[in-house]
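If you want the building blocks of each chain, they are given just below.
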Amino acid sequence: MNSECSLVSGPCSSRRYRPRRWSATAVFLFSVLPTSTLAVDSAVAQQITDSQFMGIVTKTKITTKFEIYDPHSRQELRAVKEMGFTQVILDWPNLHPDATDLGLDVVLANWWTHKTPQEDIERAIELAKQVAAGRLAGISVMDEPQRNSPETPFDFYVTTYNQLRSRLDRELPGVGLEISHWGPLASWDQLDYHLFADLYRSADVMRIMPYPDLYEGELGDVYLMMQRSRALMKKANRNLPLLVILQAWTLPPKSELPTIDELRVMAYQAMLGGAETVSFYHYRPEEWAATPGFHQHFAQLVKELKNLSRQFADATIESTLAESGILEAVLTSPSGEITTIRVNTKRTRVNDLSPLAVQRIGEQDEANSAQGGGHWRSSWASCTIWSRNRQGIRWSRGTRRATWTEQFRRHCYR
């Protein structure tokens, strides 16, 4: 999304990852805060480390909504609907009738800064009222304000939220105001959390974008960024729905998409870590075509995630990330049936899990394992969780593996 990507300015070009960053906390501070606010006790500015989130149990429910960014035609809208997406965020607002006609919920994207005229905001609200009843999921106020408009003080978003919230309750009940931002980052300290608390007071839904694969970072940062975001919510005294945006785009000059295995690991962390919505930026079939097989395998992954969501829609989840990089989630159904899903967020083998493996164990699996044999249950979800390595597609169940074909014939095809 660029500066032309707003509801009031019409179609825009595809957003690219911009190298511009807020270079230092001090620079940002002087742009948004009065000098008196800068006298912060040194103890407040101490570093927050991810180690404090390790081993902590998160109790939550599984993701139920799946979104993708800015399809640019009715044909593309139909394609993402067929993949299984339930929601789109539109840079091209004129597409909202087609989206709702196809049964997709809509978030309308805006680009509001302190320079945005009030009449532009008014036009955006009037346009939002034209979306089919029950299909407007939200109004996105701004994309990455700290990176794309660092000169805009966060007070602007607090004021805008306070002015619009009561009005939307009257005119568009149930529609939330949303903001996306890149963070909270592992490098942030308490001072950064203090600053960004205002941003969290400016929205009803917080969109975060962990893109660890851009620089071959640790994929476990998806789960950790969610934990940092919850810590920021506590500071802002706001318990917000969390939308996690995952990378489905390329960054020049490398211009490589994440592998499907990497996307699976990131998506499972979001789903088992309590994201209400999992989103992907963005839908670009021409960009995906440069990576043979990506489009097809991505569509298969989305179907897998939707199946997982449906199967465990009523389950309670307790998830924990260990220092080793293994995410373990215990899912308990209303009837008391327990399923454990283990995710290796590392690109290297950890204990009994191969790189980027997703392993699922149910009560019956554990009983059979204790008896020294037995078969996996034959549910579709059990037959769609796998890991891949150089020898081909493999199943992840401890140290016992077979080829996908062997396992499918033996345990899934009845």
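As the structure is a prediction and not an experimental result, all values here were calculated from the model. (Residues numbered from 1 in each chain as written. Predicted model: local features only at pLDDT ≥ 70, side-chain atom pairs only at ≥ 80, totals over all residues. Heavy atoms only, no water.)

**Remarks on the sheet that holds strand β5 (residues 136–143)**
Inference 1: The 8 strands are arranged β2-β3-β4-β5-β6-β7-β8-β9 in a closed barrel whose pairing can be described as parallel. The average angle at which neighbouring strand axes cross in this sheet is 25°, direction not considered.
Inference 2: Pairing geometry for strand β8 (residues 242–247) and strand β9 (residues 277–281), over 5 bridges, is parallel. Counterpart to Gln247 in the pairing with β9 is Tyr281.
Inference 3: Helix α6 (residues 154–171) contacts β5 and β6 (176–181) of the sheet and is inclined by roughly 155° relative to β6. (Pairing = 2+ DSSP bridges. Helix = DSSP H or I, 4+ residues; strand = E, 2+ residues; numbered from the N terminus. Axes fitted to C-alpha atoms, helices over the stretch in contact; angles between N-to-C directions. Contact = heavy atoms within 4.5 Å.)

**Observations concerning the sheet that holds strand β10 (residues 316–321)**
The strands that make up a sheet are held in pairs by hydrogen bonds between backbone atoms, and each pair lies either parallel or antiparallel.
Inference 1: Strand order across the open sheet formed by 5 strands is β1-β10-β11-β12-β13, with antiparallel pairing between neighbours. Bordering the open sheet on either side are β1 (58–60) and β13 (358–362), each of which pairs with just one other strand. Shown here is a sheet whose adjacent strand axes are inclined to one another by a mean of 20°, direction ignored.
Inference 2: Where strand β11 (residues 326–332) lies against strand β12 (residues 338–344), 7 bridges are found, and the strand directions are antiparallel. In the strand pairing of β12, Thr332 is matched with Ile338.
Inference 3: The sheet contacts of helix α8 (residues 221–236) involve β1, β10 and β11, and relative to β10 the element is tilted by about 105°.

**Remarks on the packing of helix α4 (residues 118–128) against α6**
Helix packing for two helices is described by the angle between their axes and how far apart those axes are.
Inference 1: α6 packs onto α4 with a crossing angle of 25° between their chain directions and a minimal axis gap of 12 Å. Relative to α6, the element α4 is oriented roughly parallel. Pair α4 / α6 crosses with right-handed handedness. Of α6, the residues touching α4 (which contributes Ile121, Glu122, Ile125 and Glu126) are Leu164, Arg167, Leu168 and Glu171.
Inference 2: For the contact of α4 with α6, the class distribution of residues is 4 nonpolar, no polar and 4 charged. (Parallel < 35°, antiparallel > 145°, perpendicular 65-115°, else oblique. Left-handed = near helix turned anticlockwise from the far one by under 90°. Nonpolar A, V, L, I, M, F, W, Y, C, P; charged D, E, K, R; others polar.)

**A short note on the confidence of the model for the protein**
Low pLDDT marks stretches whose predicted atomic positions should not be read closely.
Inference 1: Across the protein, pLDDT averages 83, with 76% of residues at or above 70.
Inference 2: Across residues 1–44, confidence stays below pLDDT 50; counting only partners more than four residues off in sequence or on other chains, it has 97 contacts.
Inference 3: Predicted confidence is poor over residues 367–414, with pLDDT under 50, and the contacts of this stretch with residues over four places away or in other chains come to 93 contacts. (pLDDT = per-residue confidence, 0-100.)

**Things to note about the pattern of salt bridges**
Inference 1: By the definition in use, this model includes 31 salt bridges.
Inference 2: The salt bridge partner of Glu256 is Lys254, with a shortest N-O separation of 4.0 Å.
Inference 3: Put simply, Asp213, Glu216, Lys254, Glu256, Glu262 and Arg347 are held in one network by salt bridges that share partners. (Salt bridge = Lys/Arg side-chain N within 4 Å of Asp/Glu carboxyl O.)

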